[in-house]
Structure formats: C-alpha cells, structure tokens
Amino acid sequence: MSASEELVPSVSIAALVLRRDGIVERLRQAHVALVEAEQLAEALFGDEMRGHRMSVLTSDHQSFTSDRGIEYMTKEVDGRAWSYLLRESGLQTFMDAKARDEWNKAIERNDVPPLTTDNIHATFSALHQGRGEMFERGVVAVFRSLSWDYKTNNPVMFGKRIILRNVVDVWAGGGCFGPSHHGANKLDDLVRVLSVLDGKPEPDYRSACYRRLTEIQWMRGSGPNFATLDYFTLKGFKNGNGHLTFTRPELVDKMNAIVARHFPGALPPHRE
C-alpha cells in the first residue's frame, strides 16, 4: 500500500487517478475531433462557415476547440475529483473550519492542482502534518467568534455555557431551515478538540454535526430545538443563535489553557 493510500484508506488513489486521466484523455480526443470537423467544414463550405462556429462552449464563452477551453474543462474535472477525494477520504476530519472553507473556495474556483498521485500525497501529507496547528486554531477561532453581547459568554475564557451566532439557518421570513453549515463547522471544531483533549481520536467528519443535526430535523419545521451531541448540549433559537452547554468542565479547562497560550493577557481563573 502506498503512503497516499495509508492516509486515505477508504479511497483507491491509483484507481481514482487512472479514471481522472481517462476522462481528461477523452476530452482531449473530443477536442481534436471537433477541431478537425471545423477544419473540414471550412474547407468544404468556405465562406458559408464564417461566423457559424461548430465549437461547443464551456464557460465564459470559452470555445471547446480553443486551448483555454480544454484547459478549463480539465480544471473542472480536477476540481470535482478533489472534492470527491476530500469528502470520501475523511481527511476533513483533521481540518478546522478555516481550512475547509479555503478548500471549498479553491474547488469552486477550480483553483486546484492537477489530480496526480504525487500531488495527492503532498497535499494530504501537509494537511495531516498540520493537524496540531489546525487543532489549536479551531479553538481560537471559536473563541474569537463568541459574542460578548451575552452575559453567559466570558470575554476571557470558555464558560459552562456559550452562545454562538449563525448556528441556525434562518429564512428571511423568520422560518428555520435547520443547522447552518457555517455554524456546524464551529461545532465540529469544538467536538474535534474536545475529543483529542479527552484522549480519543478525532470523530470522522463524514458523520459530523451538520449531518447529525439534520438527521434529527433539528430546528426544521416541527423538529426539536434541543440536541445532545458529544461533550455538549445545544439549544437553537429562531434568531439564529445556539446556546451550547458543555457537559465536561475539566475539558473546558483544557481548552481555556489553549486560549491562554494564544492570548497571554486573558488567563482564566482557576475553577473553584
């Protein structure tokens, strides 16, 4: 088994790259065939073909017969392949909300490296090695996102209960759609950190908070507004807020120690 497959055991890297290469090769063959068809038509019909191109448009009026068109289609394939790989591999388990957001935006822009075995191994190894940094960054990001407009949020530490904004996806008319992806990412950061501090492996991102809350219809229609997740309970409100109550205070103390390292002037007091 290759090093890449050891990182992503649920996905056959070799098979995925082979299929990607097959798709790209067929796109190139189609590109050549279409260019030849245009040339034959122009040679046969001459002026009749002027202004009536046979090219298939890809995006932004890019002609598939142009070099930029085939390049665009190849990047589109690579973007979808990376999206599939990140989702199916479970590597997002080790990513914090910031890293996941960066990857999602890169995939949307098709700003990703070609899907090759070397690029997969290099990318996944870098993300895997950066687990420690993302681990603490997730704690700090959630801490910074806390609103100090509520008395339950302590501006120098995580308390027993915190209030997070934009956890519930709310329609313009005030109706609730369910958990928001943005809010669920924050919850996943907390669950991942608390799991590690509890001496357990990071939970698989493929069974993350968004999916679990969606399955119980949390905050959707007549669904419950209260949910029990790992290490905390969560109560949602129609203003988009979520009231989170920690169930393991000794782990909260460990999170506060992480906050204190990043904010030396915000040392939390000892628990009485």
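Residues numbered from 1 in each chain as written. Predicted model: local features only at pLDDT ≥ 70, side-chain atom pairs only at ≥ 80, totals over all residues. Heavy atoms only, no water.

**Quick look at the overall build of the protein chain**
Helices and strands together make up the secondary structure of the protein chain, namely 9 helices and 6 strands. When each of the 272 residues of the protein chain is scored for burial, the buried share is 43%. Carbon and sulfur atoms make up 53% of the accessible area of the protein chain, which totals about 15,100 Å². (Helix = DSSP H or I, 4+ residues; strand = E, 2+ residues; numbered from the N terminus. Buried < 20%, exposed > 50% of the residue type's maximum accessible area, 1.4 Å probe, protein only. Areas by Shrake-Rupley, 256 points an atom, 1.4 Å probe, with all protein chains shown as cover.)

**A few points about unusual backbone geometry**
A positive phi is found at Met 219, a non-glycine position, where the angle reads about 60°. When you line up the elements, Met 219 lands in the loop between helix H8 (209-215) and strand S4 (226-229). Although it is not a glycine, Tyr 231 sits at a positive phi angle of roughly 75°. Position of Tyr 231 relative to the elements: it lies in the loop between S4 and strand S5 (232-236).

**A short note on the packing of helix H7 (residues 181-197) against helix H9 (residues 249-262)**
Packing of H7 against H9 leaves a shortest axis separation of 10 Å and a crossing angle of 105°. Our classification of the angle between H7 and H9 gives roughly perpendicular. Taking contact as the criterion, the partners of Leu 190, Val 193, Leu 194 and Leu 197 in H7 are, on H9, Leu 251, Lys 254, Met 255 and Ile 258. Residue composition of the contact of H7 with H9, by class: 7 nonpolar, no polar and 1 charged. (Axes fitted to C-alpha atoms, helices over the stretch in contact; angles between N-to-C directions. Parallel < 35°, antiparallel > 145°, perpendicular 65-115°, else oblique. Contact = heavy atoms within 4.5 Å. Nonpolar A, V, L, I, M, F, W, Y, C, P; charged D, E, K, R; others polar.)

**A short note on the sheet that holds S4**
Across a sheet, paired strands are connected by hydrogen bonds in the backbone, their directions being either parallel or antiparallel. With respect to topology, 4 strands assemble into an open sheet ordered S1-S6-S5-S4, the strand pairing being antiparallel. Pairing within the sheet leaves two strands with one partner each, and these edge strands are strand S1 (161-164) and S4. The sheet shows a mean angle of 20° between the axes of neighbouring strands, taken without regard to direction. Relative to strand S6 (residues 242-246), S1 runs antiparallel, the two sharing 4 bridges. (Pairing = 2+ DSSP bridges.)

**Quick word on the pattern of salt bridges**
In this structure the tally under the stated criterion is 15 salt bridges. The salt bridge partner of Asp 78 is Arg 20, with a shortest N-O separation of 2.7 Å. Taken together, the residues Asp 78 in helix H3 (residues 67-89) and Arg 20 in helix H2 (residues 13-45) connect sequence positions 58 residues apart. Accessibility expressed as a relative area gives 11% for Arg 20, which makes it buried. Across the pair Arg 211 and Glu 215 runs a salt bridge, and its minimum N-O distance is 3.4 Å. (Salt bridge = Lys/Arg side-chain N within 4 Å of Asp/Glu carboxyl O.)

**Some thoughts on the packing of helix H6 (residues 131-145) against H9**
Where H6 contacts H9, the two axes come as close as 10 Å, and the packing angle between them is 85°. Overall, the two elements H6 and H9 adopt an arrangement that is roughly perpendicular. Residues Phe 135, Glu 136, Val 139, Val 140 and Phe 143 of H6 touch H9, and the partners they reach there are Met 255, Ile 258, Val 259, Arg 261 and His 262. Grouping the amino acids of the contact of H6 with H9 by side-chain chemistry returns 7 nonpolar, 1 polar and 2 charged.

**Topic: H7**
Its 17 residues place the ends of H7 24 Å apart at the C-alpha level, agreeing with the 24 Å of an ideal helix rising 1.5 Å per residue. Where burial is concerned, most of H7 is hidden: 14 out of the 17 residues are buried. Gly 199 occupies a position one or two residues after H7 and carries a positive phi of about 80°. (Expected span 1.5 Å × (residues − 1).)

**Here we look at the layout of surface pockets**
Taken as a whole, the largest pocket holds about 420 Å³ of empty space. Lining the largest pocket are 16 residues, and of these Arg 87, Gln 92, Arg 100, His 181 and Tyr 205 sit closest to its centre. Put simply, the parts of the chain that give the lining of the largest pocket at least two residues each are H3, helix H4 (97-108), H7 and H8. Class assignment of the residues belonging to the lining of the largest pocket gives a composition of 6 nonpolar, 6 polar and 4 charged. If you trace the second largest pocket, you find 14 residues lining it, with Ala 97, Lys 98, Ala 141, His 182 and Lys 186 closest to the centre. (1 Å grid on protein atoms, 1.4 Å probe; cavity = no way out; pocket = protein on both sides within 12 Å on 5 of 7 lines; lining within 4 Å. Points joined across faces, edges and corners; volume = space filled by probe spheres on them.)

**Side note on the packing of aromatic side chains**
Two aromatic rings are characterised by how far apart their centres lie and by the angle between their planes. In the structure shown here, the tally under the stated rule is 5 aromatic pairs. Where Phe 158 meets Phe 246, the ring centres are 6.3 Å apart and the plane angle is 85°; that geometry is what we call edge-to-face. Linking Phe 158 in the loop between H6 and S1 with Phe 246 in strand S6, this pair joins segments that are 88 residues apart in sequence. Note on Phe 158: relative accessible area 0%, which makes it buried. (Phe/Tyr/Trp six-rings, centres within 6.5 Å; stacked < 30°, edge-to-face > 60°.)

**With respect to the nonpolar core**
By size, the foremost hydrophobic cluster in this structure holds 33 residues, and its most contacted members are Phe 158, Leu 187, Phe 232, Leu 244, Phe 246 and Met 255. If you list the elements that add at least two residues to this core, you get H6, S1, H7, H8, S4, S5, S6 and H9. Broken down by element, this core gets its largest block of residues, 6 residues, from H7. Not counting residues up to four positions away in its chain, the partners in contact with Phe 246 are Phe 158, Gly 159, Lys 160, Ile 162, Leu 190, Leu 194, Tyr 231, Phe 232, Val 252 and Met 255. (Core = buried A, V, L, I, M, F, W, Y, C linked by side-chain atoms within 4.5 Å.)

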